[in-house]
Amino acid sequence: MPIRMKEVDVVLVGGGMTAAIVGKHLAEAGKTVVALERGPMRDTVPDFQSPSMHDELKYSIRYALMQNAATQTLSFRNFVGQEALPMRQLGSFLPADGVGGAMVHWNGQTWRFQPEWFRLKSWTEERYGKDHVGDDVTIQDWGVSYEELEPHYDFFEKVCGIGGFAGNLRGETRAGGNPFEGPRQNDYPNPPMKQPLSGKLFADAASGLGYHPFPMPSANQTRAYTNPYGAEMQPCMYCGYCETYGCEHFAKASPQIAILPAAMKNSNFSIRPRSHVIRIEHDKDARIATGVTYVDAQGREVFQPAGMVVLCAFAHHNPILLLQSGIGEPYDPATRKGTVGRNYSYQTMTAVSVFYDGTQRINPYMGAGALGTVIDDWNNGSFDHSGLGFVGGGYIAANQTSGRPINHHPVPDGTPRWGRAWKEAVARHYNSTVTLSLHGSSTPHPGNHLGLDRTYTDAYGQPLGMMTFDFPYNDRLMARHLTGKMREIGQAMGGRSISVSWLADHYSIAPYQTTHNSGGAIMGTDPRTSVVNRYLQSWDLHNLWIMGASAFPQNAGYNPTGTVGSLTYWALQAITGDYLKNPRPLVQA
Amino acid sequence: MSETLSRRDLFKVAGAAGAAAAAGPAAAQTQPPVAEPADGDRVLFFFTDPEARFVEAAAERLIPKDPRWPGAADAGVLFFIDRQLASAWGAGDRMYLKGPWKPEAAPEQGYQLRFTPAELYRIAIGEIGEHCRQAYGGKEFWDLGEPVMDEVLGKLETGGIALPSLPSAVFFETLLANTIEGFFADPAYGGNRGMAGWRMVGFPGAYAQFVDLVDVHGHEYRREPIGIGNTAAREAHLKAHASHMPAPTGAGRP
C-alpha cells in the first residue's frame, strides 16, 4: 500500500519555471500547493558558484544539471514502422532535473511569437489558399490570440527583466528594434545587451542586404533590476557560461532568482524535491483527477491526494505522463485519431560559419546566452511564401554565447577531423570565426508523435515514452530556402571563407541541437484534435491543467520560453479569475 | 577528484612510457614555468600499461605535437582519459543500460552498444592490439611508426577494420571526443597540462566577467588563463557578491 499524504488543494508535477509561477499565484490565492520535483533542490548559493561552475567538462559535456538517462529516458525512431530504441545518453535535447528545471541552464533568449503563429492554419489558408501545403502539414490554430496573450507576454518580460529594444510599440515601428514583431504595449523593462564584434559584422552585412538587425531580447540582465515580485537581479558579466550552467551572478532570470524567492514566502507553498511522479490518479471514469502517485527519495510509493493537478513537467514528459496514467485517447498515426502525443514538434536548426582567418579578433569567450544580433526578416509572418510550397520560417542570428573550447573550435569545410592539419586549423580559426544560426520553425506531421514504448522501461518500471520524429518535407523546404538566405549574409560579412551546415538528411537523437521540444498535449478549440482547451485545461478532467510547450500545436521559429511564460499567466488568469470560484470545464466540448 | 588522488599510494603504478608529463608548452619563454608534476599526476587508475601505451600513442596522432604547441601526450590526455574511465562516467552511471541490445541500429538512434565507456575502451584496445599484431608481423600499435599508425586510425574511423565485438568507428569517435576533451578541459581533470590547449587557442579559462571588454571590438586579451582550481578567483567571486548574496531559499534541501 502506498503511503498516503495529507490532501492539498493543488499538486504540481515538476519544480521548474511553470511550477514556480503557478505555485506562487495559487498560494497567494489561498490554496495549499505542493510541487513535486524529481531532482534535487538547487540554489544559486551554494550550487552555482564561481569558479567551480565554469567547468565545461562537467556541465556541457557530462551534463551535470540534466536528466539522468539511467533513471528515465525515451525511446526513439525516425518513422512509424522502425523499431524504436532507447536514447541511452542525452544528446539532441537536454531536459533538466532539479528545482528550477531547464530554466536554470537556459540561455535566456526570450521571444514573443508573431501574431499569425497562433492561428497558423487559418492564416495560411486566408493568405495562400487551402492548397498551399498538403494535408501532411497538420498545423492548427491555438484557440488563443496574440492580443489575448500580449499582457501576459508583457508581465513575463517584466518578471524576467528582459533587455531589448521594442520594434513595434503600440503599432508604431521603431528603427533599431524588430519591425516584424506583434504590437507591444510597453518597451522591454531593460535596455539591450552590449554587442560584440560578431554582432556588428553581422548587422553591417544584414543592413547592407536590406534586412533589419536588432539586439536579441535577453533574460541576461543589462542592469541592476528589481522585478514585480521584488526579486533583485544583478547585471550580466558576459562570462560565457549560460547554456548548461546555473548563473552565479544573479543575472540570468531563473526560478531561483526571479520567482521562487517570492513563491517561498507563502507558507502554503512547498517544493518536495526527489519526488518522481509516476501516475496521475483519477476517478473510475477518468472525469476528475484525485491526485498523483510518486516515488520518494527512499524509493517508496506515495499518494498525494489533491483537489487539482497541474502538470508542469518538461514538454514531452507531460503527454507521456498522461499516457502512463491512461488519460485521454492516445494518438494513432495510422488513423490520425486520438490526441495525446499528437503534433510533437521540435525546431529546425542550420548554421553558417564565417572564417576571418586572422583578419578579425572575435573573442568568442566574451559571451552570454542571449548575446546576439538578429534579423527576423525570414520569420513566418515577415515574408511572402507564395510559390515556395511551405509555411514557417525562423530568425537568423549571430549569437555569441561562449568560446568554451571543447565544444567551440570551428574549422573550415575540408579540414581533416584530426591530426596536425586539424590542430593548426583550430589554433588559427578559434578566435577569428563568427557562426550564424537559423532558428527555424517546426511544423507538425502525422507521423511525428509521442507514444509509449512496448519494450523498454525506466528505473520505476514504467514504459518509456517513445518519440517518432523526422524533419517533415515542409521544414526541409523552409530550411533550404532560409539557409540559402543566411549563406548570402555570411558571404557579405567579409570573411575569407564560409562553411554551411545544411539541415541533416534525417533527424538524429545523438548530436545536441536544441531543448525546444514541443507539442504532444496541444491546446485547441476541438477536443478531437487537442488535449487541452484554450485555457490549458484538460478536455477530459476539468481539474487537470497542463502548462508548458507541450501545449504548442506547432513550434514557431523562436525559442519557446517567452510563450510558455505568457501561456502560464494566461491560464492562471482563468484559474484564479474564474475556475477556482466555480470549478467546471471552462469550455464546453 | 582530489579525494581520489589522495589514495595514490594504493594505486601507484609505473607511468606510461613517453609520457613526458613535465614538458610544458613549446613557447615556454612567454609563459610561466610549468610546475613539477605532483606524485599523483602520472598515476593510472584504469588502464594497464599496454592499454596506456596504445591510448597515449593514438591520442598523440589525433593531436600531435608541433613546433609551437604540445600534443596530446605532453598535455596529459592519457591521464585525463584514464581518470574519466575510472570515474562514474566510465562506469556508465548516467547511461540507460537496459537491454535488449540492438548494436546494428541506425546511426540516428545514437549509441546502442552494451558497453560502458570503460568496457568499450578495454574491449576495443584489446581487439585493435590483436589486429595490429596479426596485420603487422607481431608489432604493437605504438611501434608501427607515424604513417602506419595514422593509417590504422583512419581505418578505425571509417570502419575499415572489422573488430569482433564492436564497430571500430564507435570506438574511434569516443577516443577522438575524449582526446579533444582532455586537451581542452580544465587542467584539474588531469589533461590540458600547463593549460596548453587553452593557450593554443587563446581561451582564458574560468574567468567570470568580461562586461567591460565585450564591446571593445578587436581587443587583444592577454591575461594568463586560470582554471577552476584558482583559489584567488573563488575569493574574488565571493568578495564581489558578498553584498547581495541572499540566504538560500532552502526549500526542503535534503
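Residues numbered from 1 in each chain as written. Chains lettered and ligands numbered in written order. Predicted model: local features only at pLDDT ≥ 70, side-chain atom pairs only at ≥ 80, totals over all residues. Heavy atoms only, no water.

### Overview of the sheet that holds strand β18 (residues 394–399) of chain A
All names here are of chain A. The following threshold applies: Being paired, for any two strands, means DSSP has found at least two bridges between them. Helix and strand assignments come from DSSP, with helices taken as H or I runs of at least 4 residues and strands as E runs of at least 2, each series counted from the N terminus. Between two residues, a contact is recorded if the distance between any of their heavy atoms is within 4.5 Å. A fitted line through C-alpha atoms serves as each axis, taken over the contacting stretch for helices, and the angle formed by two N-to-C directions is quoted from 0 to 180°.
Read from one edge to the other, the open sheet built from six strands follows the order β8-β17-β18-β19-β16-β22, with strand pairing classed as antiparallel. Each of the sheet's edge strands pairs with one partner strand only, and the pair in question is β8 (214–215) and β22 (497–501). As paired elements, β8 and strand β17 (residues 372–375) share two bridges and run antiparallel to each other. What sits directly across from Phe-214, in β17, is Val-374. Here helix α10 (residues 473–491) sits on the sheet in contact with β16 (348–355), β17, β18, β19 (433–440) and β22, set at roughly 20° to β16.

### Thoughts on the nonpolar core
The condition is simple: In plain words, nonpolar cores are sets of buried Ala, Val, Leu, Ile, Met, Phe, Trp, Tyr and Cys residues tied together by side-chain atoms within 4.5 Å. Burial classes: relative accessible area under 20% of the type maximum marks a residue as buried, over 50% as exposed, and values in between as partly exposed (1.4 Å probe, protein chains only).
Counting 107 residues, the largest nonpolar core has Leu-12 and Leu-322 of chain A as its most contacted members. Here the element with the most residues in this core is helix α11 (residues 561–577) of chain A; it accounts for eight residues. Beyond its immediate sequence surroundings of up to four residues, Leu-12 of chain A is in contact with Ala-19, Val-22, Gly-23, Val-33, Val-34, Ala-35, Leu-36, Phe-269, Val-310 and Cys-312 of chain A. With 88 residues, the next largest nonpolar core counts Cys-236 of chain A together with Phe-46, Met-95 and Phe-171 of chain B among its residues.

### Description of the environment of Gly-246 of chain A
All names here are of chain A. Note that Gly-246 resides in the loop between β10 (232–233) and α7 (255–263). Spatially, the C-alpha atom of Gly-246 lies 33 Å from that of Pro-305, the residues being 59 residues apart in sequence. Once residues within four sequence positions are removed from consideration, Gly-246 is found in contact with Phe-48, Met-53, Leu-65 and Val-104.

### Re the interface of chain A and chain B
As a reminder of what qualifies: Throughout, the accessible surface (probe 1.4 Å) given up by two parts as they are put together, summed over both, is called the buried area. Every case where a carboxyl oxygen of Asp or Glu lies within 4 Å of a side-chain nitrogen of Lys or Arg is listed as a salt bridge. In protein, a polar contact means a hydrogen-donor-capable atom and an acceptor-capable atom, both N or O and within 3.5 Å, with residues adjacent in sequence counting only if both atoms are side-chain atoms; elsewhere, any N or O pair within 3.5 Å suffices.
Contacts between the two partners involve 85 residues from chain A, matched on the other side by 85 residues from chain B. At the boundary of chain A with chain B, total buried surface from both sides reaches about 7,000 Å², with 60% on carbon and sulfur atoms. Across the chain A-chain B interface, the total number found is seven salt bridges. In this structure, Arg-361 of chain A and Glu-220 of chain B form a salt bridge, with 3.6 Å as the shortest nitrogen-oxygen distance. Put simply, chain A and chain B have 37 residue pairs in polar contact (both at pLDDT 80 or more) between them. For the side of chain A that touches chain B, the elements supplying multiple residues, two or more each, are α2 (44–47), α3 (56–61), β4 (74–77), β5 (85–86), α6 (197–208), α9 (420–429) and β20 (449–457) of chain A. For the side of chain A that touches chain B, the leading source of residues is α9 of chain A, giving five residues.

### Overview of the state of the cysteines
Put plainly, a disulfide is one covalent bond tying together the sulfur atoms of two cysteines. All names here are of chain A. Applied cut-off: Whenever a pair of cysteine sulfur atoms sits within 2.5 Å, that pair is classed as a disulfide.
Inspection of the entire model under this criterion finds zero disulfides over all chains. This cysteine, Cys-160, is not joined by any disulfide, and Cys-247 carries the nearest cysteine sulfur, 13 Å off. The class of Cys-160 is buried, set by a relative accessible area of 1%. Left without a disulfide partner, Cys-247 is nearest to the cysteine sulfur of Cys-242, which lies 6.3 Å away. Residue classification places Cys-247 among the buried positions, given a relative accessible area of 11%.

### Some remarks on the packing of helix α3 (residues 49–62) of chain B against helix α5 (residues 117–135) of chain B
Residue and element names in this part refer to chain B. Filter applied, for reference: Our angle categories are set so that under 35 degrees counts as roughly parallel, over 145 as roughly antiparallel, 65 to 115 as roughly perpendicular, and the remainder as oblique.
Two elements in contact, α3 and α5, have axes whose closest approach is 10 Å; the angle formed by their N-to-C orientations is 85°. In terms of their interaxial angle, α3 and α5 are classed as roughly perpendicular. Residues Glu-51, Phe-54 and Val-55 of α3 lie in contact with α5, whose contacting residues are Tyr-121, Arg-122, Ile-125 and Ile-128.

### Details of the pattern of salt bridges
Taken as a whole and assessed by the stated rule, the structure comprises 39 salt bridges over all chains. For Arg-62 of chain A, the salt bridge identified is with Glu-181 of chain B, shortest N-O distance 2.7 Å. Of this pair, Arg-62 of chain A sits in the loop between α3 and β4 while Glu-181 of chain B sits in helix α7 (residues 168–184), placing the two residues on different chains. Taking relative accessible area as the criterion, Arg-62 of chain A reaches 16% and is therefore assigned buried. A residue is classified by how much of its surface remains accessible, and Glu-181 of chain B, at 5% relative accessible area, is buried. Across the pair Glu-157 of chain B and Arg-417 of chain A runs a salt bridge, and its minimum N-O distance is 2.8 Å. Within this pair, whereas Glu-157 of chain B is found in helix α6 (residues 146–158), its partner Arg-417 of chain A is found in the loop between β18 and α9, the two belonging to separate chains. Overall, the relative accessible area of 41% leaves Arg-417 of chain A in the partly exposed class. Look at the salt bridges and you will find they share partners, linking Arg-112, Glu-150, Glu-157, Glu-181 and Arg-184 of chain A into a network.

### Let's talk about the packing of aromatic side chains
Residue and element names in this part refer to chain A. This is how it is decided: Two rings from Phe, Tyr or Trp (for Trp, the six-membered ring) form a pair when their centres are within 6.5 Å of each other. A pair whose planes differ by under 30 degrees is stacked, one over 60 is edge-to-face, and the rest are tilted.
For the structure on display, the rule yields 44 aromatic pairs over all chains. On the basis of an interplanar angle of 90° and a centroid distance of 5.0 Å, the ring pair of Phe-469 and Tyr-507 is categorised as edge-to-face. You can see Phe-469 sitting in the loop between β21 (463–468) and α10 and its partner Tyr-507 sitting in the loop between β22 and β23 (518–520), a full 38 residues away along the chain. The same class applies to Phe-469 as to Tyr-507, namely buried.

### Some remarks on the layout of surface pockets
In this approach a probe as big as a water molecule rolls over the atoms, and the regions it shows empty are the leftover space. The line we're drawing: Residues are called lining when one of their atoms sits within 4 Å of a cavity or pocket point, these points coming from a 1 Å grid over the protein atoms alone, where a cavity is a set in which a 1.4 Å probe fits but cannot get out and a pocket is an open set with protein on both sides within 12 Å along at least five of seven lines. Grid points are joined across faces, edges and corners, and a volume is the space filled by probe spheres set on the points. Under the convention adopted here, Pro, Cys and the residues Ala, Val, Leu, Ile, Met, Phe, Trp and Tyr are nonpolar, Asp, Glu, Lys and Arg are charged, and Gly plus all remaining residues are polar.
Of the pockets and cavities examined, the second largest pocket occupies roughly 850 Å³. If you trace the second largest pocket, you find 31 residues lining it, with Arg-68, Arg-199, Met-200, Val-201 and Gly-202 of chain B closest to the centre. The set of elements that each furnish at least two residues to the lining of the second largest pocket consists of α9 of chain A together with α8 (196–201) of chain B. Of the residues that constitute the lining of the second largest pocket, the class distribution is 12 nonpolar, eight polar and 11 charged.

### Some remarks on the sheet that holds β21 of chain A
Residue and element names in this part refer to chain A. Here we have four strands laid out as an open sheet, ordered β5-β4-β21-β20, and mixed in their pairing. Sheet topology places β5 and β20 at the edges, where each strand pairs with a single neighbour. Pairing between β20 and β21: five bridges, direction antiparallel. Residue pairing across strands places His-449 opposite Thr-468, the latter belonging to β21. Strands β4, β20 and β21 of the sheet are contacted by helix α8 (residues 317–324), whose axis makes an angle of about 60° with β20.

### A few points about the side chain of His-317 of chain A
All names here are of chain A. As for its placement among the helices and strands, His-317 is situated in helix α8. Residue His-317 is classed as buried on the basis of its relative accessible area of 12%. Polar side-chain contacts of His-317 include one of 3.4 Å to the side chain of Arg-38. Sequence-distant contacts of His-317, defined by excluding residues within four places in its chain, comprise Arg-38, Gln-67, Gln-72 and Pro-95.

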